[in-house]
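# Analysis of the macromolecular model
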Amino acid sequence: MPPTHFADLSAEERIDAVTKLGLPKFRAQQIARHYYTRFEADPLSMTDLPESARGKVKDALFPELMAPIREISCDDGQTQKTLWKLHDGTLLESVLMRYPDRATLCISSQVWCAMKCLFCVTGKLGFKRDLTWEEMISQILFANTYIKKRFWKKEDGTNYAIRNVVFMGMGEPLLNYENIRKSLEIMLAQDRLSLGRRHITISTCGIIPWIEKLIEDKVDVKLAISLHAPNQELRNQIMPIAKAYPLEELMKTIDRYVKATDNRIFYEYIMIHGVTDKPELAHQLVKLLKGRLAHLNLIPYNENPAIDLKESKKADIQKFKQILEEGGITVTVRDSMGREAKGACGQLGYEKVKDQN
Ligand code: SAH
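Residues numbered from 1 in each chain as written. Predicted model: local features only at pLDDT ≥ 70, side-chain atom pairs only at ≥ 80, totals over all residues. Heavy atoms only, no water.

Turning our eyes to something else, we now look at the sheet that holds strand β8 (residues 200-204). The mixed open sheet is built from 10 strands, whose spatial order is β1-β2-β3-β4-β7-β8-β9-β10-β11-β12. Taken across any chain shown, the strands that pair with only one partner, and hence form the sheet edges, are β1 (66-74) and β12 (331-333). Taken pair by pair, the neighbouring strands of this sheet meet at an average axis angle of 20°, ignoring direction. (Pairing = 2+ DSSP bridges. Helix = DSSP H or I, 4+ residues; strand = E, 2+ residues; numbered from the N terminus. Axes fitted to C-alpha atoms, helices over the stretch in contact; angles between N-to-C directions.)

Between helix α1 (residues 11-20) and helix α2 (residues 26-37), whose axes approach to 8 Å, the crossing angle comes to 115°. The way α1 lies across α2 gives a crossing that is right-handed. Contacts between α1 and α2 involve Arg14, Ile15 and Val18 on the former and, on the latter, Arg27, Ala28, Ile31, Ala32 and Tyr36. When its residues are assigned to classes, the contact of α1 with α2 shows 6 nonpolar, no polar and 2 charged. (Left-handed = near helix turned anticlockwise from the far one by under 90°. Contact = heavy atoms within 4.5 Å. Nonpolar A, V, L, I, M, F, W, Y, C, P; charged D, E, K, R; others polar.)

Turning to the pairing of strand β11 (residues 294-300), a few remarks are in order. Consecutive side chains along a regular strand alternate between the two faces of the sheet. Counting buried positions along β11 yields 7 of 7 residues, so the element is predominantly enclosed. Here β11 shows a buried face lined by Ala294, Leu296, Leu298 and Pro300 and a second buried face lined by His295, Asn297 and Ile299. With 7 bridges connecting them, strand β10 (residues 265-271) and β11 associate as parallel partners. Within the sheet, the bridge partner assigned to tyrosine 269 lies in β11 and is leucine 298. Note that the unit made of β10, helix α11 (residues 279-289) and β11 has a crossover that is right-handed. As defined by bridge partners, β11 adjoins β12 across 3 bridges and the pair is classed as parallel. Among the inter-strand pairings, asparagine 297 is bridged to a residue of β12, identified as threonine 332. (Buried < 20%, exposed > 50% of the residue type's maximum accessible area, 1.4 Å probe, protein only. Right-handed = clockwise from strand over helix to strand, strands pointing away.)

Although it is not a glycine, tryptophan 112 sits at a positive phi angle of roughly 70°. Relative to the elements of secondary structure, tryptophan 112 occurs in strand β5 (residues 110-112). Taking the relative accessible area as the measure of exposure, tryptophan 112 reaches 1% and is therefore buried. One non-glycine residue with positive phi stands out, namely histidine 228, at about 65°. Looking at the element boundaries, histidine 228 is found in the loop between β9 (222-226) and α8 (232-238). Taking the relative accessible area as the measure of exposure, histidine 228 reaches 5% and is therefore buried.

Now the structure itself:
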């Protein structure tokens, strides 16, 4: 268990904590304002606290849960990858993507992953442990502080802060359900990160019982499904988890989710040369998604020397897309930010993490 952090505390607990340090109650709200509104996570920089209190607050309430050890910038600084060292020494990554009108953070939910998808380098590392919700929130707070320090502005001159969070870094979020739930609470709470429901995306390879739990708990954020194949046979080949949670049942569960939430599902489909990009697969996809509340995102495969697979040719992606469009499916091709710095989709930090193994 990581040590208790300020982020763990409710409003009342914050008051208890500062009182224990011999500070007046109002300091609790003052620190919370720094932390959640101004993205200041270092008490030593909270200059409206008495100097004598800053160190005490830091030691008692702001233990370092994770430290950034490497930063890689690409796409002319639009994409920023952070490699983290956690309090127990393990490594993991998050990716900040700046667009003209918004900033999106791709965060990790587990230390590596147990799913072993054929195309994914994180799968090659195996599973180490779940991230705590504090560690997930820390990734966002750090990104906000990072943006603030650089005075990054949007095109209209206003300041950036993370407004969109996607659970598309390392790990399978639904297998770390309780921590995800808690992290969502913090992201959505108005006196905490105050993000919009439609601005948070959970991405899953399709763990049926936990999708059921999302329905039961009425978790109302965006849901992305890593589909990657339109039939059971191909899905079995590239995503071993498909054997445990067959496509037909998965689609039925998703239908129940859509009925319960009225939320459109974002399907991710990876374009791997000669594997997932054949025209007949596009026709099968049309059959599968037709009539369903769906948005399909084609993701050009992000190559990695550790895996012998290639990205689809541009012309094949276009042809694939056209078949889907003609079939009436809403489809986009993801512009893969972060490619040149191995920025996207579990590609980050792999070399370094692998050395640690
Ligand atoms: N476990 C979750 C989230 C992890 S990764 C899930 O499966 O959805 C986020 C997305 O990146 C998933 O759709 C995953 O399949 C995809 N991905 C993994 N490796 C990739 C690669 N090399 N190129 C493109 N997409 C990749």
